[in-house]
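What the coordinates show
So you can see what is in the structure, the chains are spelled out below.
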Amino acid sequence: MMTNEYDIVWMQRALELARQAEQAGEVPVGAVLVLDQKIIGEGHNAPISQHDPSGHAEIIALRCGANAINNYRLIDSTLYVTLEPCLMCAGAMVHARIKRLVYGASDLKTGAIMTQMHALELPFLNHRVDFTGGVLKEECGDILSKFFQARR
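Keep in mind that this is a model prediction, so the values were computed, not measured.

Procedures and definitions
- Residues numbered from 1 in each chain as written.
- Predicted model: local features only at pLDDT ≥ 70, side-chain atom pairs only at ≥ 80, totals over all residues.
- Heavy atoms only, no water.
- Core = buried A, V, L, I, M, F, W, Y, C linked by side-chain atoms within 4.5 Å.
- Buried < 20%, exposed > 50% of the residue type's maximum accessible area, 1.4 Å probe, protein only.
- Helix = DSSP H or I, 4+ residues; strand = E, 2+ residues; numbered from the N terminus.
- Contact = heavy atoms within 4.5 Å.
- Axes fitted to C-alpha atoms, helices over the stretch in contact; angles between N-to-C directions.
- Parallel < 35°, antiparallel > 145°, perpendicular 65-115°, else oblique.
- Left-handed = near helix turned anticlockwise from the far one by under 90°.
- Nonpolar A, V, L, I, M, F, W, Y, C, P; charged D, E, K, R; others polar.
- Pairing = 2+ DSSP bridges.
- Salt bridge = Lys/Arg side-chain N within 4 Å of Asp/Glu carboxyl O.

Attention now moves to the nonpolar core. One finds Leu33, Leu74, Leu79, Met93, Ile98, Leu101 and Leu120 to be the most contacted residues of the largest nonpolar core, which totals 46 residues. The leading source of residues in this core is helix α1 (residues 5-23), at six residues. Other than its neighbours up to four places away in sequence, Leu33 contacts Lys38, Ile39, Ile40, Gly41, Ala61, Leu62, Gly65, Leu74, Ser77, Thr78, Leu79 and Ile98.

Okay, structure coming up:
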């Protein structure tokens, strides 16, 4: 699927959230959930501070969005995330029935959308999520690279 003009705007917000994660000592990943060109949920990585292995930016944004619309089905929504989602987050997107995923940098270790596997294209899934990768990939990748360089 093609990038549209709003993808840049929403990915920039996701980058702001990634910076918040970094300031909190978390891996800098941010996510924004949009419905009808309005943010209904957002989050940044917080598994360390929340003592929650599912505390990924995507999961937090999906939870916030579901609460905002009082429905666990997030039909017609788009999730923007700075890093290619993992298998857990890909599964949550399918269960939430989001319409579209837009991500920035590829995740060479655990990316489950295109890099290590094609989780959203598994034949047994009962919902299909459209996806676009590489939106602001340099900016999204730089924040992660600098974070891990500083930790070494």
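Let us keep going from here.
Here we come to the packing of helix α2 (residues 57-69) against helix α3 (residues 87-96). Where α2 meets α3, the axes come as close as 9 Å, and the angle between the chain directions of the two elements is 20°. Between α2 and α3, the interaxial angle falls into the category roughly parallel. The element α2 and its partner α3 pack so that their crossing is left-handed. The segment α2 lies against α3, with Glu58, Ile59 and Leu62 engaging Met88, Cys89, Ala92, Met93 and Ala96. Looking at the contact of α2 with α3 residue by residue, the class counts come to seven nonpolar, no polar and one charged.

We now examine the pairing of strand β1 (residues 30-35). Among the six residues that make up β1, six are buried, leaving the element largely enclosed by the rest of the structure. Along β1, one buried face is formed by Gly30, Val32 and Val34 and the opposite face, lined by Ala31, Leu33 and Leu35, is buried too. Looking at chain direction, β1 and strand β2 (residues 38-44) are connected through six bridges and run antiparallel. What sits directly across from Val32, in β2, is Glu42. Following β1, the chain reverses through two residues before pairing antiparallel with β2; Asp36 in that reversal takes a positive phi of roughly 55°.

One pass over the structure, following the stated rule, counts four salt bridges. One salt bridge connects Arg13 with Glu16, and the closest N-O pair in it is separated by 2.8 Å. Note that Arg13 and Glu16 are positioned in helix α1 at a spacing of three residues, about one turn of the helix. Owing to a relative accessible area of 40%, Glu16 belongs among the partly exposed residues under this scheme. Where Arg13 meets Glu42, a salt bridge forms, and the shortest distance between an N and an O atom there is 2.7 Å. Residue Arg13 is located in helix α1, and its partner Glu42 is located in strand β2; the two are separated by 29 residues in the primary sequence. Glu42 sits in the partly exposed class, given a relative accessible area of 26%.

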